[in-house]
Amino acid sequence: MRIEARNQAVVGWLLLLGLLAAPAGAAARLTDRPYRALALSAILAVLEMWASLAASYTVPKLPLSFAIMAAATVVYAATFFVRRPAGPTRLRLHSAATGI
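In short, a report on the structure. (Residues numbered from 1 in each chain as written. Predicted model: local features only at pLDDT ≥ 70, side-chain atom pairs only at ≥ 80, totals over all residues. Heavy atoms only, no water.)

1. Quick look at the overall build of the protein
When you go through the protein residue by residue, the secondary structure sums to 3 helices and 0 strands. Along the chain direction, N to C, the helices and strands of the protein fall in the order α-α-α. Looking at the protein residue by residue over its 100 residues, the buried ones come to 20%. Expressed as a percentage of contacts within the protein between residues at least 6 apart in sequence, the contacts between residues at least 24 apart total 56%. (Helix = DSSP H or I, 4+ residues; strand = E, 2+ residues; numbered from the N terminus. Buried < 20%, exposed > 50% of the residue type's maximum accessible area, 1.4 Å probe, protein only. Contact = heavy atoms within 4.5 Å.)

2. Let's talk about helix α3 (residues 64-78)
Since one α-helical turn is 3.6 residues long, residues separated by three or four positions face the same way. For α3, built from 15 residues, the straight-helix expectation of 21 Å at 1.5 Å per residue is met to within 8% by its first-to-last C-alpha distance of 21 Å. What α3 keeps buried is the set Ala-67, Ile-68, Ala-71 and Ala-72. End-on, the buried residues of α3 take up no more than an arc of 130 degrees, which puts them together on one face. Of the exposed residues in α3, those oriented more than 90 degrees away from the buried face are Phe-66 and Val-74. (Expected span 1.5 Å × (residues − 1). Arc of directions from axis to C-beta.)

3. Description of helix α2 (residues 34-58)
Its 25 residues place the ends of α2 36 Å apart at the C-alpha level, agreeing with the 36 Å of an ideal helix rising 1.5 Å per residue. What α2 keeps buried is the set Ala-37, Ser-41, Leu-44, Ala-45, Glu-48, Ser-52 and Ser-56.

4. Focus: the environment of Leu-15
Take Leu-15: it is sitting in helix α1 (residues 3-30). Dropping the residues within four chain positions of it, Leu-15 is found in contact with Ser-65, Ile-68 and Met-69.

5. Here's the deal with the packing of α2 against α3
The contact between α2 and α3 brings their axes to 8 Å, and the two run at 135 degrees. By the angle between their axes, α2 is oblique relative to α3. When the axes of α2 and α3 are compared, the crossing they make is right-handed. On the side of α2, the interface is formed by Leu-44, Glu-48, Met-49, Ser-52, Leu-53 and Ser-56, while α3 contributes Leu-64, Ala-67, Ile-68, Ala-71, Ala-72 and Val-75. Each residue belonging to the contact of α2 with α3 can be placed in one class, and the counts come to 9 nonpolar, 2 polar and 1 charged. (Axes fitted to C-alpha atoms, helices over the stretch in contact; angles between N-to-C directions. Parallel < 35°, antiparallel > 145°, perpendicular 65-115°, else oblique. Left-handed = near helix turned anticlockwise from the far one by under 90°. Nonpolar A, V, L, I, M, F, W, Y, C, P; charged D, E, K, R; others polar.)

6. As for a nonpolar patch on the surface
Among the surface-exposed residues, Val-46, Trp-50, Leu-53 and Leu-64 lie close enough to one another that they form a single nonpolar patch of about 380 Å² accessible area. By residue number, the principal contributor to the nonpolar patch is α2, which donates 3 residues. Position of Val-46 relative to the elements: it lies in helix α2. (Patch = residues over 30% accessible without salt bridge, like charges linked within 9 Å, V, L, I, M, F, W, Y side chains within 5 Å. Areas by Shrake-Rupley, 256 points an atom, 1.4 Å probe, with all protein chains shown as cover. Salt bridge = Lys/Arg side-chain N within 4 Å of Asp/Glu carboxyl O.)

7. Side note on the environment of Ala-71
Locating Ala-71 in the fold gives a position in helix α3. Between the C-alpha atoms of Ala-71 and Ala-22, which are 49 residues apart in sequence, the distance is 9.6 Å. Sequence-distant contacts of Ala-71, that is, excluding residues within four places in its chain, are made with Glu-48 and Ser-52.

What follows is the structure, given as structure tokens:
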């Protein structure tokens, strides 16, 4: 295997990891419910991919891999400015042993 092919594989794995981790992290910051976070993560990943493709098409010198990771980073960073909606308070589990 040539060195260039190995480098391309590494870049591919990093992109895959970024497309798995960034949308999932953003979704986890936006909701407490696991199934909603799963759906939101998939939606965010698809939207990030389409936004990256559009940006890379619009600016031909912009590498697609950079556009993908930039979009994922922007979406994740934006979640720090969005407030999670206040839901019902979490229930504490009562233990029979402690009586709490």
